[in-house]
Amino acid sequence: MNSYDSFLSPLGRSLHESVLRKMGQVIASRSGDLISFAAGYPDPAGFPWEEFRAIASELLSGKDGSVLQYGPTRGYRPLIESILGVLEKRGIKADLTEVMTTSGSQQGLDLTARVLIAPGDVVLVEVPTYTGAIAAFRNAQCRLVGVRQDADGINLEDLDASCMRERKAGSRVNLLYLVPNFQNPAGILLSLEKRQRLLEWAERRNMLIVEDDPYGELYFEDVATAAETRPLKADDRHGRVIYLSTFSKTLAPGFRVAWVAAPAPIVERFDTAKQSMDLMCGILDQRVVHQSIARGVLDRQAAALRKLYRDRRDVMEQTLRDQFGDRLSWIKPKGGFFLWAQLPDGFEDIALLEKAMEQGVLFVIGSAFCVDGSGHGRVRLSFSWPAPDRIREGAARLARAMMPTPVA
Ligand SMILES: Cc1ncc(COP(=O)(O)O)c(C=O)c1O
């Protein structure tokens with residue numbers, strides 16, 4: 001059989017693929033020396049291989065059969081207890097009824113979509129916003145409404161106006177999705193003042209906020225500190241925030257260990273939804289992560305990675321200035337993995353990507369992150385993976401792709 005279309009359900013037919021995943025397939029199909037500023041991947045050279053090896057070999061010694069057994073849907077209990085400690089360091093007080101693990105924060109986004117979004121709902125997101133959230137929420141058949149972003153995070157006037165406009169038009173509007181710390185893709189840090197005002201706003205407008213925080217630990221001390229990344233969840237007195245975080249960027253994404261901290265009734269529903277998705281989590285991965293926290297690996301990693309990625313950010317900023325002068329502009333990322341560059345007039349993201357691929361360099365097109373059809377004058381450049389000399393070479397290739405005449 002060649003076509004299975006007639007077998008697909010309406011949802012199966014309309015499923016949205018993450019744009020980044022699609023790009024990954026294009027990249028895999030091309031051979032040659034490619035430098036990727038595209039993927040938001042940590043640098044594998046920064047993984048604590050020695051420590052992981054020691055932990056894994058102890059766990060796999062065969063002395064404890066539960067290491068490879070089924071475990072609870074919510075996750076390995078000692079890990080959840082450790083996560084409570086991680087949360088406390090971030091200012092968040094939670095108990096065991098309010099936390100569960102997920103297979104990456106991506107599963108937290110998918111659970112949010114399944115449990116909280118009905119077809120036809122409006123979900124408010126920033127412009128730009130994370131593609132994985134766009135895909136997960138669209139699969140729940142909602143309409144994503146974009147809210148403007150300022151240099152210090154989401155524009156609160158536009159947010160309230162959008163919410164009220166959609167409600168007046170009869171839509172159910174219950175959710176706002178945000179990445180407050182070093183946003184993917186814009187690298188922006190939401191100001192503390194706006195965080196407080198957002199909590200008040202959520203209470204006033206009866207909204208829930210999905211706070212997605214993979215990068216909060218990766219602040220660059222020259223421009224941002226831990227105090228500035230204090231999660232909204234830390235001051236969530238009225239149970240308005242569903243907080244997602246992950247060990248993907250601080251330990252390793254291959255473990256697929258992340259978590260949700262939310263009001264107990266929501267965690268309860270997520271738990272039930274998760275039962276039919278995966279029954280349980282990968283218990284071996286969870287136990288490696290648990291031991292990594294217990295032995296101080298997580299804290300050591302976070303400190304080392306702040307320095308590693310700050311140096312990479314510096315190299316990328318310097319080399320872009322050297323190559324482009326003021327033809328490219330961006331807001332300095334104070335942490336995280338990404339630089340959100342504005343292209344010169346006359347350049348367009350998709351056409352430029354074609355030229356860039358010919359030169360052997362990749363980025364993610366800006367329009368992939370924008371639910372309102374904008375973003376064609378932007379590109380997301382990730383500085384997390386390529387080593388400094390590859391960043392320099394990649395920028396030189398990008399400069400060649402932009403010469404001699406504008407693409408559009
Ligand atoms: C904003 C944001 N949310 C969620 C994720 C997914 O992370 P995980 O590896 O935990 O699924 C990413 C990964 O890049 C991200 O940037």
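Q: Just to check I follow, could you spell out the packing of helix α3 (residues 49–59) against helix α10 (residues 283–294) for this structure?
A: Packed helix pairs are characterised by how far apart their axes lie and by the angle those axes make with each other. Close contact between α3 and α10 brings their axes to 10 Å; oriented N to C, the two are set at 125 degrees. In terms of orientation, α3 and α10 fall into the oblique class. Of the two possible hands of crossing, α3 and α10 adopt the one that is right-handed. Contacts from E51, F52, I55, A56 and L59 in α3 reach L284, R287, V288, Q291 and S292 in α10.

Q: Could you clarify how one ought to interpret the sheet that holds strand β2 (residues 99–103) in this entry?
A: As a general point, the strands of a sheet are linked pairwise by backbone hydrogen bonds and lie either parallel or antiparallel. The sheet built from seven strands is open, its strands ordered β2-β10-β9-β8-β7-β3-β4 with mixed pairing. Strands with a single pairing partner mark the edges of an open sheet, and in this sheet they are β2 and β4 (143–147). The sheet shows a mean angle of 25 degrees between the axes of neighbouring strands, taken without regard to direction. Looking at chain direction, strand β3 (residues 122–126) and strand β7 (residues 173–178) are connected through four bridges and run parallel. Looking across to β7, one finds that V125 is bridged to Y177. Running at roughly 30 degrees to β2, helix α9 (residues 264–278) makes contact with β2, β9 (241–246) and β10 (257–261) of the sheet.

Q: Help me out: how do you make sense of helix α5 (residues 104–116) in this one?
A: Every α-helix carries 3.6 residues per turn, so stepping three or four residues along brings you back to the same face. The terminal C-alpha atoms of α5 lie 19 Å apart, and with 13 residues this matches the ideal 18 Å at 1.5 Å per residue to within 8%. Taken as a whole, α5 has its buried residues at G104, S105, Q106, Q107, G108, L109, D110, L111, T112, A113 and L116.

Q: When you look at helix α6 (residues 131–139) in this model, what are you seeing that I'm missing?
A: When you tally the buried positions in α6, you get seven out of nine residues, the bulk of the element. Along α6, the residues classified as buried are T131, G132, A133, I134, A135, A136 and F137. Remark: Q141 follows α6 within two positions and exhibits a positive phi of approximately 65 degrees.

Q: Mind showing me how you'd approach the pairing of β4 here?
A: With five bridges joining them, β3 and β4 adopt parallel strand pairing. Its bridge partner being in β4, V122 is matched across the sheet by R143. Crossover connection from β3 via α6 to parallel β4: handedness right-handed.

Q: Sorry, what's going on with the environment of C370 here?
A: Relative to the assigned elements, C370 resides in the loop between β13 (364–365) and β14 (378–382). Take C370: there are 20 C-beta atoms within 10 Å of it, and that puts it in the buried class. Ignoring sequence-local partners within four residues, the contact set of C370 consists of V127, P128, G146 and G375.

Q: What exactly am I supposed to notice about the sheet that holds β13 here?
A: Reading across from one edge, β11-β14-β13 is the order of the three strands in this open sheet, with antiparallel pairing throughout. Across the chains shown, the open sheet's two edge strands, defined by having one partner strand only, are β11 (338–342) and β13. The sheet contact formed by β11 and β14 spans five bridges and is antiparallel. Note on β14: the bridge partner recorded for Q342 is R378.

Q: Just to check I follow, could you spell out unusual backbone geometry for this structure?
A: The general pattern is negative phi for most residues beyond glycine and trans for most peptide bonds. Following V127, the chain continues to P128 via a peptide bond in cis, the omega torsion being 5 degrees. With respect to the helices, strands and loops of the structure, P128 is situated in the loop between β3 and α6. Omega for the peptide link from N184 to P185 comes to 20 degrees, which places this bond in the cis form. Mapping P185 onto the fold places it in the loop between β7 and α8 (192–204). At F182, a residue that is not glycine, the phi angle is positive and equals roughly 50 degrees. Mapped onto the elements of the fold, F182 is located in the loop between β7 and α8. Overall, F182 belongs to the buried group, with 26 C-beta atoms counted inside 10 Å. Phi is positive for R256, which is not a glycine, with a value near 55 degrees. With respect to the helices, strands and loops of the structure, R256 is situated in the loop between β9 and β10. Owing to 21 C-beta atoms within 10 Å, R256 belongs among the buried residues under this scheme.

Q: Just to check I follow, could you spell out the domain arrangement of the protein chain for this structure?
A: For interface size, the figure often reported is the accessible area lost on association. Split into domains, the protein chain comes out as domain 1 (5–47 + 300–401) and domain 2 (63–295). Using only C-alpha atoms to locate each centre, domain 1 and domain 2 end up separated by 23 Å. Contacts between domain 1 and domain 2 engage 37 residues on the former and 35 residues on the latter. Sorting the residues of the side of domain 1 that touches domain 2 by element identifies α2 (19–29), α11 (297–324) and β11 as the ones contributing at least two each. For the side of domain 1 that touches domain 2, the element with the most residues is α11, which contributes seven residues. The residue makeup of the side of domain 1 that touches domain 2, split by class, is 20 nonpolar, nine polar and eight charged.

Reading guide: rules and limits
Numbering of residues starts from 1 in each chain and follows the order in which that chain's sequence is written. Restriction of local features to residues with pLDDT of at least 70 applies here, the model being predicted, together with a cutoff of 80 or more for giving and counting side-chain atom pairs; totals for whole chains, interfaces and linings are based on all residues. Every axis corresponds to a line fitted to the C-alpha atoms, with the helix fit spanning only the stretch in contact, and the corresponding angles, defined between N-to-C directions, vary from 0 to 180 degrees. In this description a helix means any DSSP run of H or I spanning at least four residues, a strand means any run of E spanning at least two, and both kinds are numbered starting from the N terminus. Here the angle decides the label: under 35 degrees means roughly parallel, over 145 means roughly antiparallel, 65 to 115 means roughly perpendicular, and every other value means oblique. By definition, any crossing whose near helix is turned counterclockwise from its far helix by less than a right angle is left-handed, and any crossing with a clockwise turn is right-handed. Placing C-beta atoms from the backbone, we regard two residues as in contact once those atoms come within 7 Å. Any two strands are treated as partners once DSSP identifies two or more bridges connecting them. Each helix should span, by expectation, one fewer than its residue count multiplied by 1.5 Å. A residue is called partly exposed when the number of other C-beta atoms within 10 Å of its own lies between 12 and 20, exposed at 12 or fewer, and buried at 20 or more, with C-beta atoms placed from the backbone. Handedness of a crossover is defined as follows: with both strands directed away from the viewer, a clockwise route from the first strand across the helix to the second makes it right-handed. Boundaries of every domain are those given by an automatic assignment or by a domain database. Amino acids outside the nonpolar list (Ala, Val, Leu, Ile, Met, Phe, Trp, Tyr, Cys, Pro) and the charged list (Asp, Glu, Lys, Arg) are all regarded as polar, and Gly is one of them.

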